[in-house]
Amino acid sequence: MEGLSEFTEYLSESVEIPSPFDMLEPPTSGGFLKLSKPCCYIFPGGRGDSALFAVNGFNMLINGGSDRKSCFWKLVRHLDRVDSVLLTHIGDDNLPGINSMLQRKIAELEEEQSQESTANSDWTKNMISPDIGVMFVNVPQNLENLEPNYRIRRNAEEASLTLQYLNKLSLKPEPLHRNIGNTVEPIILFQKM
């Protein structure tokens, strides 16, 4: 086991992780896409697909696909807001695409904070990703106590990354289950300004 950890450490020194701005490029045209008619886009993502539903100004992204270079990004990057995101399960077949979008949002916030004094510089063209509304996440209560199976552990690690990114963005994930009791709080899905 020690040889394996040495080998992975050796590999990690030579592997360069792409920037979120390189992985998810900004739109080539100005303006934002408005989806007014009901529509559904399905984005094949290899082992895990993603879908975008839009109905009269409300849109919902379901899952994110298995590729870190998000299969849905070429359409979603033209929206001013993704009103709701639904993650149906934890897994490496649906979280990597969402995680790359969340990473980009975090990188944009960090870039914006570091570049506040130069408002019209070249970096502003990269600051275009859509706002994110309500996040519905189907995550077990305790990610640490899952089976020690490699695949389950990899899925739990991906879910942990998602939760960390949401925390950095101050987005509170809504669980896909209701607590037992008499009080049910309504969830505001979107607001029009």
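Residues numbered from 1 in each chain as written. Predicted model: local features only at pLDDT ≥ 70, side-chain atom pairs only at ≥ 80, totals over all residues. Heavy atoms only, no water.

K.L.:
Mind showing me how you'd approach the pattern of salt bridges here?
P.N.:
Oppositely charged side chains are able to pair whenever their charged atoms sit close together. Taken as a whole and assessed by the stated rule, the structure comprises 6 salt bridges. A salt bridge links Arg-154 to Asp-92, with the shortest nitrogen-to-oxygen separation between them at 2.3 Å. With Arg-154 in helix H5 (residues 150-168) and Asp-92 in the loop between strand S4 (81-87) and helix H4 (95-114), the pair connects residues that are 62 residues apart, well separated along the chain. For Arg-154, a relative accessible area of 28% corresponds to the partly exposed category. Residue Lys-172 pairs with Glu-174 through a salt bridge whose shortest N-O separation is 3.9 Å. (Salt bridge = Lys/Arg side-chain N within 4 Å of Asp/Glu carboxyl O. Helix = DSSP H or I, 4+ residues; strand = E, 2+ residues; numbered from the N terminus. Buried < 20%, exposed > 50% of the residue type's maximum accessible area, 1.4 Å probe, protein only.)

K.L.:
When you look at the sheet that holds strand S6 (residues 173-175) in this model, what are you seeing that I'm missing?
P.N.:
Sheets are built from strands that pair by backbone hydrogen bonding, the pairs being arranged parallel or antiparallel. Spatially, the 6 strands line up as an open sheet ordered S1-S2-S3-S4-S5-S6, and their pairing is mixed. Two strands lie at the open edges of the sheet, namely strand S1 (39-43) and S6, each paired on one side alone. In this sheet, adjacent strand axes meet at a mean angle of 20° when their direction is disregarded. Pairing geometry for strand S5 (residues 131-137) and S6, over 3 bridges, is parallel. The residue of S6 that forms the bridge with Met-135 is Pro-173. On top of the sheet, H4 reaches strand S3 (58-62), S4 and S5; it is set at about 145° to S5, its chief contact. (Pairing = 2+ DSSP bridges. Axes fitted to C-alpha atoms, helices over the stretch in contact; angles between N-to-C directions. Contact = heavy atoms within 4.5 Å.)

K.L.:
It is not clear to me how the nonpolar core should be interpreted in this structure. Could you clarify?
P.N.:
Generally speaking, a soluble globular protein has its nonpolar side chains buried in company with each other. The biggest cluster of nonpolar side chains holds 27 residues, and the ones touching the most others in it are Leu-61, Val-85, Ile-98 and Met-135. Breaking this core down by element, the ones donating at least two residues are helix H3 (73-76), S4, H4, S5 and H5. For this core, the leading source of residues is H4, giving 5 residues. In contact with Leu-61, other than residues within four places in its own chain, are Ser-50, Ala-51, Leu-52, Phe-72, Val-76, Val-82, Ser-84, Val-85, Leu-86, Ile-98 and Met-101. (Core = buried A, V, L, I, M, F, W, Y, C linked by side-chain atoms within 4.5 Å.)

K.L.:
Looking at this structure, I do not really get H5. What am I missing?
P.N.:
Compared with an ideal rise of 1.5 Å per residue, which puts 19 residues at 27 Å, H5 spans 27 Å between its outermost C-alpha atoms and is within 8% of the ideal. If you check which residues of H5 are buried, you get Asn-155, Ala-156, Glu-158, Ala-159, Thr-162, Tyr-165 and Leu-166. Packed against the buried residues of H5 are S4, H4, S5 and S6. (Expected span 1.5 Å × (residues − 1).)

K.L.:
Got a minute to help me understand the packing of H4 against H5 in this structure?
P.N.:
Two quantities define a packed helix pair, namely the angle between the axes and the distance from one axis to the other. Contact geometry for H4 and H5: axes closest at 10 Å, N-to-C directions at 25°. When the axis of H4 is compared with that of H5, the two are roughly parallel. Judged by the sense of rotation from one axis to the other, the crossing of H4 with H5 is left-handed. In this structure, H4 contributes Leu-95, Pro-96, Asn-99, Leu-102, Gln-103 and Ile-106 to the contact, and H5 contributes Glu-158, Ala-159, Leu-161, Thr-162, Tyr-165, Leu-166 and Lys-168. In the contact of H4 with H5, the residues fall into 8 nonpolar, 3 polar and 2 charged. (Parallel < 35°, antiparallel > 145°, perpendicular 65-115°, else oblique. Left-handed = near helix turned anticlockwise from the far one by under 90°. Nonpolar A, V, L, I, M, F, W, Y, C, P; charged D, E, K, R; others polar.)

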